[in-house]
Amino acid sequence: MASRRDKVLFAVFGVTVLGLLIPLLLLGWYLWQGSVVAEEQRLDELSQRLGEQTERAIIDTRDLLDKLNTIEATPCSTEHLNKLQNAAMSRPYIRAVGYWRAVERECGAGFVQGDALTPPQASRIYDSGVVAWWPGPSTKVGGVELFLMRYGQYDVAIDPRLLLTPGLLEDQKVGLWVESMPMVAHPSGAVLPNYHAFEPGLTVDRAEQRVVSRTSLGTLFPIDIIAVQPMAQFWQRYLPTLAGVGSLGLTLVGLWLFLILRYFRHQLSLASELREAIAHDQLQVVFQPIVDLETGACQGAEALARWRRENHETIGPDVFVSLAEETEQGTDLTLAILRCVLRELGPQLRDRPDCPVNLNITGQDLASTRFSEALERELENARVPACAIKLEITERSLLNTDDVRQRIKALRTRGHRIAIDDFGTGYSSLSYLESFELDTLKIDKTFADAIGHEAVTSNIISHIIVMARSLKLNIVAEGIESGHQVEWLRQQGVGFGQGYRFSRPLTADAFRNWCQQSGESK
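A brief structural summary. In this text, all values refer to a predicted model and were calculated from it rather than measured experimentally.

1. Remarks on the layout of surface pockets
In step 1: For the second largest pocket, the calculated volume is near 910 Å³.
In step 2: For the second largest pocket, the lining is made up of 32 residues, of which Glu302, Leu304, Pro317, Asn360 and Asp421 are closest to its centre.
In step 3: Elements that contribute at least two residues to the lining of the second largest pocket include exactly β15 (298–308), α8 (317–326), α9 (330–351), β17 (357–361) and β19 (418–423).
In step 4: Residue composition of the lining of the second largest pocket, by class: 11 nonpolar, 11 polar and 10 charged.

Following this line, the structure appears as structure tokens:
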């Protein structure tokens, strides 16, 4: 009966829509006009954001140059180069910092060192003493034309590509000029109209079939941005809507079938199965030991979730964790993992809270008080102290808001320790991490892999360790697989580690036995 009813409703729906062809065509025209306005506004907002972003970067670089000129250290000494390296790492768009004596660049740090970057003639010399070299063949290093600013005895090399955030650009072309000189274009090598040909604001260039946005800003340097959206791409973007109005019958049939299929697929989708698995505590947890690199004693473990579907297919955490976040199930997943940890290791955590389990949390967990309240409730029910559960959040998920800071502070006040996981894969600087109350920094596996190799990351790990020490954070190295990695990390003062060198992820029983055999920490 239900199937027959659906067929009748489908037929009635199709006939009704066909009778509304003219109103729908008018609606299509209205939607088209609204889409044009929305696209113009989007390009204007994009240009404004890119311009302000570049402006802040240049002003910030000017301030950094002031600070560099106050450094007290023997020029080009190890101490001096370390300070330059720290400065080079402090901003994601900076590629190098150099020290000059008169007209010669004597040494530097970052991706370009020594005198490898000494352009013959400056593009601009300002009354303030700032000297600037715009990107060009003379500033080209490693295939990238850099933007240089020098003040006093120091220069800073900026990768202009990083002044434009790729995630904002999508499929439009963007060009950025500083002091009427081209700084960067996206995509690389894109042919862009001269910004002088357009007034500030939005222009619909019907002759060239494009929408052009020009934004001009001016403080330390005048900045102009041109964003171009071809009309052809705009048509392509909205083609499904327009085609739907033009061929109503076939589209409505397809839409109706799509909605029906989508409904049934939703019932059987991976997201729905995950929701069921979370609701019925069907997830499993394994534990990867964290050890003292000096003694080899177990210092705790990181809880790693595992999911096996009813058809015995194993879904990796890289899939279902992302899926949970995309479907707003992130906090439910975290709490399900917590409950599993408490079931498996509750007695041990009550007896040995100094050997904690690390629970991975996400930005969604810190976005409201729901996770914090549920965490407290679950621990009270299990009679497990807060200090027995350490919370790990990835660097990329650490939202820079006052609410998040307050929630982290409240969790630490209750006794939880906070760790930054996979550090080095994002763009956090020293000043950014200083704004949060943290306890532990976990160095990403990619840096452990680089130990002993001639790679950029093998140099960066030393600076990460120094940065963590300056913040008085405990350091845990992830992904340790060999003895020489352990020895190098110990020499650098790294206290703790985890990885296959010590143990693969273990079940709760195997983890308890492993701790006893390896000798638990005192």
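2. Description of the sheet that holds strand β3 (residues 124–125)
Whether parallel or antiparallel, the strands of a sheet pair through hydrogen bonds between backbone atoms.
In step 1: Across the sheet, which stays open at both edges, the six strands sit in the order β2-β1-β8-β7-β4-β3 with antiparallel pairing between neighbours. The outermost strands of the open sheet, each flanked by one partner alone, are β2 (104–110) and β3.
In step 2: Note: strand β1 (residues 94–101) against β2, six bridges, orientation antiparallel. For Arg101, the partnering residue across the bridge sits in β2 and is Glu104.
In step 3: The strands that helix α3 (residues 78–89) touches are β1, β2 and β8 (154–158); relative to β2, the one it contacts most, it runs at about 60 degrees.

3. Details of helix α17 (residues 508–518)
In step 1: Every buried residue belonging to α17 is among Ala508, Phe511, Trp514 and Cys515, and all of these are buried. The arc that holds the buried residues of α17, viewed along the axis, is 115 degrees, so those residues lie on one side. The outward face of α17, more than 90 degrees from its buried face, is lined by the exposed residues Gln516 and Gln517.
In step 2: Those residues of α17 that are buried are in contact with β14 (284–292), β15 and α9.

4. Details of the nonpolar core
In step 1: Phe287, Val341, Leu349, Ile389, Leu391 and Leu433 are the most contacted members of the largest nonpolar core, which has 76 residues in total.
In step 2: The element best represented in this core is α9, accounting for 10 residues.
In step 3: With near-sequence residues (within four places) excluded, Leu349 lies in contact with Val341, Leu342, Cys355, Val357, Val384, Pro385, Ala388 and Ile389.
In step 4: Counting 37 residues, the second largest nonpolar core, distinct from the first, contains Ala132, Ile158, Ile225 and Met231.

5. Digging into the state of the cysteines
In step 1: What the rule picks out here adds up to one disulfide.
In step 2: Across the disulfide from Cys76 sits Cys107; the S-S distance is 2.0 Å. Across the S-S bond of Cys76 and Cys107 the torsion is about -90 degrees, and the bridge reads as left-handed. Here the residue Cys76 occupies a position in the loop between α2 (21–68) and α3, and Cys107 occupies one in strand β2, the gap between them amounting to 31 residues.
In step 3: Classification of Cys76 by relative accessible area gives partly exposed; the value is 27%.

6. Concerning the pairing of strand β7 (residues 147–151)
In step 1: Counting buried residues along β7, four of its five residues qualify, which places the element largely inside the surrounding structure.
In step 2: Pairing between strand β4 (residues 131–133) and β7: three bridges, direction antiparallel. Looking at β7, one finds that Trp133 is bridged to Leu148.
In step 3: Two strands pair when backbone bridges link them, and β7 and β8 are joined in this way by five bridges, in the antiparallel orientation. Directly across from Tyr151, in β8, lies its bridge partner Tyr154.
In step 4: The turn linking β7 back onto β8 is made up of two residues, and Gly152 within it adopts a positive phi angle of 65 degrees.

7. Some words on the packing of aromatic side chains
In step 1: Applying the stated rule across the entire model yields five aromatic pairs.
In step 2: Arranged with centres 5.4 Å apart and planes meeting at 65 degrees, the rings of Tyr99 and Tyr154 form a pair that is edge-to-face. Here Tyr99, found in strand β1, pairs with Tyr154, found in strand β8; they are 55 residues apart in sequence, far enough to count as distant. Each member of the pair, Tyr99 as well as Tyr154, is classed as buried.
In step 3: A cation over a ring is seen here: Arg62 above Tyr151, with NZ or CZ 3.9 Å from the ring centre.
In step 4: In this arrangement the basic side chain of Arg504 is found over the ring face of Tyr500, its NZ or CZ atom lying 4.1 Å from the centre.

8. Description of α9
In step 1: With 22 residues, α9 ought to run about 32 Å at 1.5 Å a step, and its terminal C-alpha atoms sit 30 Å apart, in line with that.
In step 2: Of all the bends found along α9, the most pronounced is centred on Leu345 and spans about 80 degrees, while Pro347, a proline, follows it within four residues.

9. Description of the side chain of Arg214
In step 1: Assignment of secondary structure puts Arg214 in strand β12 (residues 210–218).
In step 2: Residue Arg214 is classed as buried on the basis of its relative accessible area of 14%.
In step 3: Within polar-contact distance, the side chain of Arg214 engages the backbone oxygen of Phe198 at 2.8 Å.
In step 4: A polar contact is formed between the side chain of Arg214 and the side chain of Ser216, at a distance of 3.2 Å.
In step 5: If sequence neighbours within four positions are ignored, Arg214 has contacts with Tyr195, His196, Phe198, Glu199, Pro200, Gly201, Asp224, Ile225 and Ile226.

The rules behind these values
Residues numbered from 1 in each chain as written. Predicted model: local features only at pLDDT ≥ 70, side-chain atom pairs only at ≥ 80, totals over all residues. Heavy atoms only, no water. 1 Å grid on protein atoms, 1.4 Å probe; cavity = no way out; pocket = protein on both sides within 12 Å on 5 of 7 lines; lining within 4 Å. Points joined across faces, edges and corners; volume = space filled by probe spheres on them. Helix = DSSP H or I, 4+ residues; strand = E, 2+ residues; numbered from the N terminus. Nonpolar A, V, L, I, M, F, W, Y, C, P; charged D, E, K, R; others polar. Pairing = 2+ DSSP bridges. Contact = heavy atoms within 4.5 Å. Axes fitted to C-alpha atoms, helices over the stretch in contact; angles between N-to-C directions. Buried < 20%, exposed > 50% of the residue type's maximum accessible area, 1.4 Å probe, protein only. Arc of directions from axis to C-beta. Core = buried A, V, L, I, M, F, W, Y, C linked by side-chain atoms within 4.5 Å. Disulfide = S-S within 2.5 Å. Phe/Tyr/Trp six-rings, centres within 6.5 Å; stacked < 30°, edge-to-face > 60°. Lys NZ or Arg CZ within 6 Å of the ring centre and 35° of its normal. Expected span 1.5 Å × (residues − 1). Bend = angle between axes of the 7 residues up to and from the residue. Polar contact = N/O pair within 3.5 Å; in protein donor to acceptor, adjacent residues only side chain to side chain.

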